[in-house]
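Structural characterization, general
The primary structure of each chain is shown beneath.
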Amino acid sequence: MDIPAMSMSLAQNNLSQAVGISVLKMAKEQMAEQGQQVVQLIKRSVQPNLGGNLDISV
């Protein structure tokens, strides 16, 4: 067994996994922020009186 090579391989795998987790965490935070922005946009666009009455003149 080549212990130094195994150690390097394990270290690279750990680094790769840590980078992947970090990227996923950033993506999760970004999606949460975008979700909050969408909720705020929907709250601002809601007009409770809109569509409540229909005036038809013939």
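The structure reproduced in this document is the subject of the present report.

Bringing the overall build of the chain into the picture now. Looking only at helices and strands, the chain features 1 helix and 0 strands. In terms of overall dimensions, the chain is more spread out than a globule: its C-alpha atoms have a radius of gyration of 27 Å, far above the 10 Å expected for 58 residues. When its C-alpha atoms are laid out on the principal axes, the chain stretches across 90 × 20 × 10 Å. Residues counted as buried form 0% of the 58 residues belonging to the chain. Accessible surface, the chain as shown: approximately 5,900 Å² in total, 61% of it carbon and sulfur. In the chain, 4 side chains carry a positive charge and 4 a negative one; their mean positions are 8 Å apart.

So, about a nonpolar patch on the surface. Taken together, Leu-15, Val-19, Val-23 and Met-26 make up a surface patch of nonpolar side chains, about 390 Å² in accessible area. Along the chain, Met-26 turns up in helix H1 (residues 3-45).

What counts and how
- Residues numbered from 1 in each chain as written.
- Predicted model: local features only at pLDDT ≥ 70, side-chain atom pairs only at ≥ 80, totals over all residues.
- Heavy atoms only, no water.
- Helix = DSSP H or I, 4+ residues; strand = E, 2+ residues; numbered from the N terminus.
- Rg over C-alpha atoms; globule rule 2.2 N^0.38 Å.
- Buried < 20%, exposed > 50% of the residue type's maximum accessible area, 1.4 Å probe, protein only.
- Areas by Shrake-Rupley, 256 points an atom, 1.4 Å probe, with all protein chains shown as cover.
- Lys, Arg positive; Asp, Glu negative; His and termini not counted.
- Charge placed at Lys NZ, Arg CZ, Asp CG, Glu CD.
- Patch = residues over 30% accessible without salt bridge, like charges linked within 9 Å, V, L, I, M, F, W, Y side chains within 5 Å.
- Salt bridge = Lys/Arg side-chain N within 4 Å of Asp/Glu carboxyl O.

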